[in-house]
Amino acid sequence: MNIIEAIKERRSVRSFNGEGLSASQKTELKKAIGESYSPFGGKLTIRLKEFDMKEGYKPSTYGTIKGAGDFFLLGIGSDEASALTTGFQFEQVVLKAWQMGLGSCWIAATFKGSDFDRDETWHDGEELKIICPVGVAIKPTIKEKLTRLTLGSKNRKPFDELFFAGDFNHPFTTENKFAEALDMLRLAPSSTNSQPWRALVEGDTVHFYYKPKSKYSVLDCGIGIYHFYATEKFYGHDGNFVKCEYMPTPPDDWKYLISFKAC
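Criteria and cut-off values
- Residues numbered from 1 in each chain as written.
- Predicted model: local features only at pLDDT ≥ 70, side-chain atom pairs only at ≥ 80, totals over all residues.
- Heavy atoms only, no water.
- 1 Å grid on protein atoms, 1.4 Å probe; cavity = no way out; pocket = protein on both sides within 12 Å on 5 of 7 lines; lining within 4 Å.
- Points joined across faces, edges and corners; volume = space filled by probe spheres on them.
- Helix = DSSP H or I, 4+ residues; strand = E, 2+ residues; numbered from the N terminus.
- Axes fitted to C-alpha atoms, helices over the stretch in contact; angles between N-to-C directions.
- Parallel < 35°, antiparallel > 145°, perpendicular 65-115°, else oblique.
- Left-handed = near helix turned anticlockwise from the far one by under 90°.
- Contact = heavy atoms within 4.5 Å.
- Buried < 20%, exposed > 50% of the residue type's maximum accessible area, 1.4 Å probe, protein only.
- Pairing = 2+ DSSP bridges.
- Expected span 1.5 Å × (residues − 1).
- Nonpolar A, V, L, I, M, F, W, Y, C, P; charged D, E, K, R; others polar.
- Phe/Tyr/Trp six-rings, centres within 6.5 Å; stacked < 30°, edge-to-face > 60°.
- Lys NZ or Arg CZ within 6 Å of the ring centre and 35° of its normal.

Trainee: Before we go on, may I ask you to explain the layout of surface pockets in this structure?
Mentor: Empty space left among the atoms is revealed by rolling a probe the size of a water molecule over them. Approximately 360 Å³ is the volume attributed to the second largest pocket. Forming the boundary of the second largest pocket are 15 residues, of which I3, Q92, K96, Q99 and Y226 lie nearest the centre. Every element with two or more residues in the lining of the second largest pocket is listed here: α2 (23-35), α3 (80-99) and α8 (217-234). Of all the elements, α8 adds the most residues to the lining of the second largest pocket, at five residues.

Here is the structure:
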């Protein structure tokens, strides 16, 4: 399974088979953590840890997590760069897990932090903000299916609401060379499916903005921007992220994040 297939197929998993990860799976996931990277700076530490769920660890989001014993723990800084890096860098690990046949689910703020933080020491300025169960998926529970249906987790906004070309008065067309990369961004998961990302294409440059929806909007954009970057890289298209000093003024309350300049 290549990265494009993984982006298209991956879904959040909340029901697992109850069997822990094998030693080889743990080794491969820890390797993925070590190889993950971000160009945005900030503070992020990713750990993989096994828990005995019988002792009272009961994370929940969109319904209770069932059958999980292995979790990623993310210690994150409090600034914007850390949030952007977290989405961009940890999504690499999430997609690698999917390519290995393992499911996962980002969980923020809806878990017992004191339990999962037990005996953990984080670098200065970091704190546990995200956990993520990982393991072999089983058939979703009825509650999980109903919740996903209610949230519209599979629904994505159309191109012309998210992406623009030249200026903010001209919706982006799928004939543009960045079309597939932006479509992979469009498919990214986000908190409560809020889809905060926006983009303006000017020639060989893509400017990324976000529409604030929650305190996780920047992190969500990091996930989407990684999808964009991984797609460009998959097709051999080089480019760099830059922070532009003078930006086209966006509508409403959109905020500028970063730009990608193709080489």
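Trainee: It is not clear to me how the packing of α3 against α8 should be interpreted in this structure. Could you clarify?
Mentor: Helix packing geometry: the angle between the two helix axes and the distance between the axes. Contact geometry for α3 and α8: axes closest at 7 Å, N-to-C directions at 50°. Judged by the angle between their axes, α3 and α8 are oblique. Regarding α3 and α8, the two cross each other, and that crossing is right-handed. For the pair α3 and α8, contact is made by E80, A83, L84, T86, G87, F88, E91, Q92 and L95 and by V218, L219, C221, G222, I223, I225, Y226, H227 and Y229, respectively.

Trainee: Help me out: how do you make sense of the pairing of strand β8 (residues 205-210) in this one?
Mentor: Two faces make up the sheet, and in a regular strand the side chains alternate between them. Within β8, six of the six residues are buried, which leaves it mostly tucked inside the rest of the structure. Burial along β8 is two-sided: the residues T205, H207 and Y209 and V206, F208 and Y210 are all buried. As paired strands, strand β7 (residues 197-202) and β8 are joined by six bridges and run antiparallel to one another. Residue pairing in the sheet places W197 in a bridge with Y210 of β8.

Trainee: Is there a simple way to explain α8 in this structure?
Mentor: Side chains of residues three or four places apart in an α-helix project in the same direction, reflecting 3.6 residues per turn. Over its 18 residues, α8 extends 26 Å from the first C-alpha to the last, a length consistent with the 26 Å expected when each residue adds 1.5 Å. For α8, a buried count of 16 out of 18 residues is recorded, marking the element as mostly surrounded by other parts of the structure. Looking one or two residues beyond α8, the residue adopting positive phi is G236, at roughly 75°.

Trainee: Help me out: how do you make sense of α3 in this one?
Mentor: The end-to-end C-alpha separation of α3 is 29 Å, in line with the 28 Å expected for 20 residues at 1.5 Å each. Within α3, 16 of the 20 residues are buried, leaving the element largely enclosed by the surrounding structure. Where α3 ends, the next residue or the one after it, G101, has phi of about 90°, a positive value.

Trainee: What's the story with the packing of α2 against α3 in this structure? I'm lost.
Mentor: The geometry of α2 relative to α3 is characterised by a closest axis approach of 9 Å and an angle of 150° between their N-to-C directions. With respect to α3, the element α2 is oriented roughly antiparallel. For the element pair α2 and α3, the recorded crossing hand is right-handed. On the side of α2, the interface is formed by E28, L29, A32, I33 and E35, while α3 contributes Q92, V93, K96 and A97. A class-by-class count of the residues in the contact of α2 with α3 yields five nonpolar, one polar and three charged.

Trainee: What is the right way to read the packing of aromatic side chains from this model?
Mentor: Summed over all chains, the structure comprises 26 aromatic pairs. Taken together, a centroid distance of 5.7 Å and an interplanar angle of 25° make the contact between F159 and F172 stacked. In this pair, F159 is assigned in helix α6 (residues 159-162) and F172 in the loop between β6 (163-165) and α7 (179-186), connecting sequence segments 13 residues apart. For the pair shown, F159 and F172 are each scored as buried. Put simply, the rings of Y37, F40, F88, F178, F208, Y226, F228, Y229, F241 and F260 pair up and form one aromatic cluster. Above the plane of the ring of W122 lies R47, whose end atom (NZ or CZ) is 4.1 Å from the centre.

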